[in-house]
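Fold and geometry: a report
Residue strings, one per chain:
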Amino acid sequence: MAFVEYADAYWTIAMRTVPLRASERLLVEAFKDACRGGLQTVLYTPKHMCIPRAYWGDSSNSKMANNGNLVSITGNSLVINSVDNGLTLGAGDLISATTGEYNALFRIQAGGVASGNSITVTVEPTAPAYITTGAVMRFKNPVANMRVMPGSFEITDDFFPVASFTLVEIPK
């Protein structure tokens, strides 16, 4: 299999498991096989930053229940509507956009507080061409399309082994 990278991947995630029991190792090996050496798309949701910072300690806040709709893209500025007034997004928060089966992850650089059921944020990276207006914007449990980098999967040969691999962002 050849792995061709046609553009710089913005998101590259180094994954590492905790020490695994035998039964857990079997599950990790099944995951590795299901990834088919980087041919299968993996939906990645960052667990270290699954809700905006303003809602740490209040993960069930109703303001995050509504997914927004992407109204416009101007450079790195996104205008999102259909959100609850008072939704607070700040620098460092992760959000995602979904158009069809395409998912993209963004880190907010400049945020704000929603009013008039709308919010404007500045994000990195710039929205890719496959994310268009009308995209569904997720503020809680953002998601990105990733694949396992071929050759990156390793499992140590210890009594309680540790698995590691690298995920790279892909369009679909």
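Residues numbered from 1 in each chain as written. Predicted model: local features only at pLDDT ≥ 70, side-chain atom pairs only at ≥ 80, totals over all residues. Heavy atoms only, no water.

Now for the overall build of the protein chain. When its secondary structure is counted, the protein chain shows 1 helix and 13 strands. Listing every helix and strand of the protein chain by position from the N terminus yields β-α-β-β-β-β-β-β-β-β-β-β-β-β. Along the longest, intermediate and shortest principal axes, the C-alpha atoms of the protein chain span 55 × 40 × 25 Å. Taking all 172 residues of the protein chain together, the buried fraction comes to 36%. Within the protein chain, contacts between residues at least 6 apart in sequence are counted, and of these 69% link residues at least 24 apart. (Helix = DSSP H or I, 4+ residues; strand = E, 2+ residues; numbered from the N terminus. Buried < 20%, exposed > 50% of the residue type's maximum accessible area, 1.4 Å probe, protein only. Contact = heavy atoms within 4.5 Å.)

Looking now at the pattern of salt bridges. Counting across every chain of the model gives 2 salt bridges. A salt bridge links Arg21 to Glu24, with the shortest nitrogen-to-oxygen separation between them at 3.7 Å. For Glu24, a relative accessible area of 28% translates into the label partly exposed. One salt bridge connects Arg25 with Glu29, and the closest N-O pair in it is separated by 2.8 Å. Taken together, the positions of Arg25 and Glu29, both in helix 1 (residues 22–35) and 4 residues apart, correspond to about one turn of that helix. Given the relative accessible area of 25%, Arg25 is considered partly exposed. With relative accessibility at 27%, the residue Glu29 sits in the partly exposed group. (Salt bridge = Lys/Arg side-chain N within 4 Å of Asp/Glu carboxyl O.)

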